[in-house]
Amino acid sequence: MPNTLVECVPNFSEGRDKAKVDAIVEAMKVPGVYLLDREMDADHNRCVITLVGEREAIQEAAIRGVGRAAELIDLTQHQGAHPRMGAADVVPFIPIDGVTLEDCVAMAKHVGAEIAKRFAIPVYLYEAAAATPVRQNLENIRRGQFEGIRAEIETNPARKPDFGEAKVHPTAGATVVGARKFLIAYNVFLNTADVDVAKKIAKAVRASSGGFRFVKGAGFLVRGMAQVSMNLTDFEQTPIARVFETVKREAARYGVMPVSSEIVGLIPKSAIEQAAEWFLQVENFDSSLILENRLAAVMGGKTAVGGLRAGVEPFIEQLAAPTATPGGGSAAAASGAMAAGLAHMVAAMSRGKKAYLQYEAQLSEAIGRLATLREELKAAIDADAESYNVVMKAYRAARETDDGGVGVNAALKQATSVPLGVAERAAEVARIAETLKPITNPNMASDLTTGIALAQAALTGALSNVEINVGSMKAGFAEDDAFASQARARAARLKA
């Protein structure tokens, strides 16, 4: 898996011409980016493409897709049920792994600037990337659609884009780029063709008119049926099952009922698990009861059958075995990884809660960074053991050759770099954990205290390894002496 994983779900104003959609998808084929899904809707005349990839690659993929759409889609000839203001209408970035929402904001700004520069398409930033509160909501930016923005962009200061000239592209319009949490596009079809009923139900469930906080909704006529079209912007706080039940109750007021529902694009597995728990009323439900979840966790080394002890016991027994590796360096890395895991857990359990909404940005940043540190420290468990084995091999080779210690020094430099990296990461984990204390649930203070203690143990143990390995290097080689001096200086700063 890549170190960073970002989802991008660009929406293009074309849902009828497959050849055009194929060409847009082809333009977004960049190494490191994977196509997960594509949805075309003829009534809405819109397609939704779901991509996932590394942060650098996926930005370029999105930019190329916007450029190709501008070549192929003419909004002056476009008609469809879905509101739109651009050939590439909206391009959101969603953090998946190893990145934060703030990282995605930076990505959105870069992509927006490039779109304006390369294709002369004005770009607006929305959701978490918005420069002003009014532009957080996509509806505010897209009000009036292509025709409305075309008439106002040059004269109304409120419609000035974030990137590019205050002038729409003559056929491609304007594009909205942003960063957000995972969104579920969810539509419910009713057994009526009366679109006014769908609009009334949408008004009852959407946040802007007093409904659920994390729901946006509108009513359309699609395939001869009234459709309640919704975006669930935070399914963890407003579950999909609760929304469906509310739509069902509201529909009954007008003598109609849902006949089916659809998901546009992809949906997180946990959202479906929530719905299953809701409707089945399973007692003491836990996602680990699902076969595939348990299988993935066990095979991925994240859990073990037989409880928590079964998961850590093999490593502990390896430490206890009368062999040089794994040793203190691996134990220090494991301690640091556990520290990062605890801090990550505390931040994740506070993020999104009403009492800590004001700290959302800081918590998101901490979660993203701790995820990266945890993975790096886990990797150092094996790296430290391997570096020791390389040192032993170098000593054996030195006895058979006369290289003056050059080979041993090279191995010791690597054996120094690994614990030095562990020490620096452990120190960063401790610092982040300290900053979490005043902005997270005080009932979890003991978890942070444990995490900080584990990070300090990792720091102490790793620095001890650095000291021993640097001290074992043979002096008299300029490059090696410089490395030793720098390593000691870095270690001294960490001790301080």
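No experiment lies behind these values; they were computed from the predicted model shown.

Turning to the overall build of the protein, a few remarks are in order. Counting its regular elements, the protein contains 15 helices and 11 strands. Looking at the protein as a whole, 46% of its 496 residues qualify as buried. Put simply, of all contacts in the protein between residues at least 6 apart along the chain, 74% involve residues at least 24 apart. Surface summary for the protein: the accessible area is close to 24200 Å², and the carbon and sulfur share equals 54%. Here the protein contributes 55 positive and 58 negative side-chain charges, whose respective centroids are spaced 4 Å apart.

The final tally for this structure, using the stated rule, is 25 salt bridges. Across the pair Glu424 and Arg490 runs a salt bridge whose closest N-O atoms are separated by 2.9 Å. Of the two residues, Glu424 sits in helix H13 (residues 406–436) while Arg490 sits in helix H15 (residues 478–495), which places them 66 residues apart along the sequence. Judged by relative accessible area, which is 29%, Glu424 ranks as partly exposed. In this structure, a network of salt bridges that share partners links the residues Glu60, Arg64, Glu114 and Arg118.

For the rest of this paragraph, the subject is helix H14 (residues 445–471). With 27 residues, H14 should cover 39 Å at 1.5 Å per step; its first-to-last C-alpha distance of 39 Å lies within 8% of that length. Every buried residue of H14 is listed here: Leu448, Gly451, Ile452, Ala455, Ala458, Leu459, Ala462, Leu463, Val466, Asn469 and Val470. Next to the buried residues of H14 lie helix H11 (328–350), H13 and H15.

Our next topic: the packing of aromatic side chains. Tallied over the full model, the rule gives 1 aromatic pair. Where Phe244 meets Phe279, the ring centres are 6.5 Å apart and the plane angle is 75 degrees; that geometry is what we call edge-to-face. Pair noted here: Phe244 is in helix H7 (residues 240–253) and Phe279 is in helix H8 (residues 269–280), with a separation of 35 residues, a long-range link. Taking the ring centre of Phe483 as reference, the NZ or CZ of Lys413 above it sits at 5.6 Å.

It is worth spelling out the sheet that holds strand E8 (residues 184–190) at this point. Strand order in the open sheet formed by 4 strands is E9-E10-E8-E11, and the pairing between neighbours is antiparallel. Each edge of the sheet is formed by a strand with only one pairing partner; in this case those strands are strand E9 (215–222) and strand E11 (258–264). Averaged over all adjacent pairs, the angle separating strand axes in this sheet is 20 degrees, with direction ignored. Of the strand pairs in this sheet, E8 and strand E10 (residues 225–232) are connected by 6 bridges, and their pairing is antiparallel. For Ala185, the partnering residue across the bridge sits in E10 and is Asn231. Lying on the sheet, helix H6 (residues 195–205) is in contact with E8, E9 and E10; it crosses E9 at an angle near 175 degrees.

Among the structural elements, Arg84 can be located in the loop between helix H2 (55–72) and strand E5 (88–97). The exposure class of Arg84 is buried, given its relative accessible area of 4%. When residues no more than four places from it in sequence are discounted, the contact partners of Arg84 are Ser13, Arg46, Leu75, His78, Asp89, Arg142, Gln145, Phe146 and Glu147.

Within the secondary structure, Arg159 sits in the loop between helix H5 (145–152) and strand E7 (175–179). For Arg159, a relative accessible area of 10% translates into the label buried. Filtering out sequence-adjacent residues up to four positions away, Arg159 remains in contact with Tyr124, Arg135, Ile141, Arg143, Ile149, Glu152 and Ile153.

On to H15, then. Helix length check: H15, at 18 residues, gives a terminal C-alpha distance of 26 Å against a target of 26 Å (1.5 Å per residue), a fit within 8%. Elements in contact with the buried residues of H15: H13 and H14.

On to unusual backbone geometry, then. Of the consecutive residues Thr325 and Pro326, the connecting peptide bond is found in the cis state with omega at -5 degrees. Looking at the element boundaries, Pro326 is found in the loop between helix H10 (308–320) and H11. Phi at Arg223 is positive, roughly 50 degrees, even though this residue is not glycine. With respect to the helices and strands, the residue Arg223 is situated in the loop between E9 and E10.

Moving on, we get to the confidence of the model for the protein. Mean pLDDT over the protein: 90, with 96% of residues reaching 70 or higher. Averaged over each element, pLDDT in the protein is lowest for helix H9 (residues 291–299) (74) and highest for H6 (97).

A few words now on the nonpolar core. Core analysis: the biggest nonpolar cluster contains 52 residues, and Leu370, Val429, Leu436, Leu459 and Leu494 have the highest contact counts within it. Listing elements by their share of this core, those giving two or more residues are H11, helix H12 (360–400), H13, H14 and H15. The greatest single-element share of this core, amounting to 15 residues, is contributed by H13. With sequence-adjacent residues up to four places away left out, Leu436 is seen in contact with Ala343, Ala347, Leu363, Ala366, Leu370 and Leu448. One finds Leu51, Ala62, Ala129 and Phe146 within the second-largest nonpolar core, a separate group that totals 42 residues.

Right, let's get into the packing of H14 against H15. Interaxial distance between H14 and H15 falls to 10 Å at its minimum, and their mutual angle equals 155 degrees. Judged by the angle between their axes, H14 and H15 are roughly antiparallel. The element H14 and its partner H15 pack so that their crossing is left-handed. Together, Leu459, Leu463, Val466, Glu467, Val470 and Gly471 of H14 and Ala484, Ala487, Arg488, Ala491, Leu494 and Lys495 of H15 make up the contact between the two elements. For the contact of H14 with H15, the residue count by class is 8 nonpolar, 1 polar and 3 charged.

Conventions and cut-offs
Residues numbered from 1 in each chain as written. Predicted model: local features only at pLDDT ≥ 70, side-chain atom pairs only at ≥ 80, totals over all residues. Heavy atoms only, no water. Helix = DSSP H or I, 4+ residues; strand = E, 2+ residues; numbered from the N terminus. Buried < 20%, exposed > 50% of the residue type's maximum accessible area, 1.4 Å probe, protein only. Contact = heavy atoms within 4.5 Å. Areas by Shrake-Rupley, 256 points an atom, 1.4 Å probe, with all protein chains shown as cover. Lys, Arg positive; Asp, Glu negative; His and termini not counted. Charge placed at Lys NZ, Arg CZ, Asp CG, Glu CD. Salt bridge = Lys/Arg side-chain N within 4 Å of Asp/Glu carboxyl O. Expected span 1.5 Å × (residues − 1). Phe/Tyr/Trp six-rings, centres within 6.5 Å; stacked < 30°, edge-to-face > 60°. Lys NZ or Arg CZ within 6 Å of the ring centre and 35° of its normal. Pairing = 2+ DSSP bridges. Axes fitted to C-alpha atoms, helices over the stretch in contact; angles between N-to-C directions. pLDDT = per-residue confidence, 0-100. Core = buried A, V, L, I, M, F, W, Y, C linked by side-chain atoms within 4.5 Å. Parallel < 35°, antiparallel > 145°, perpendicular 65-115°, else oblique. Left-handed = near helix turned anticlockwise from the far one by under 90°. Nonpolar A, V, L, I, M, F, W, Y, C, P; charged D, E, K, R; others polar.

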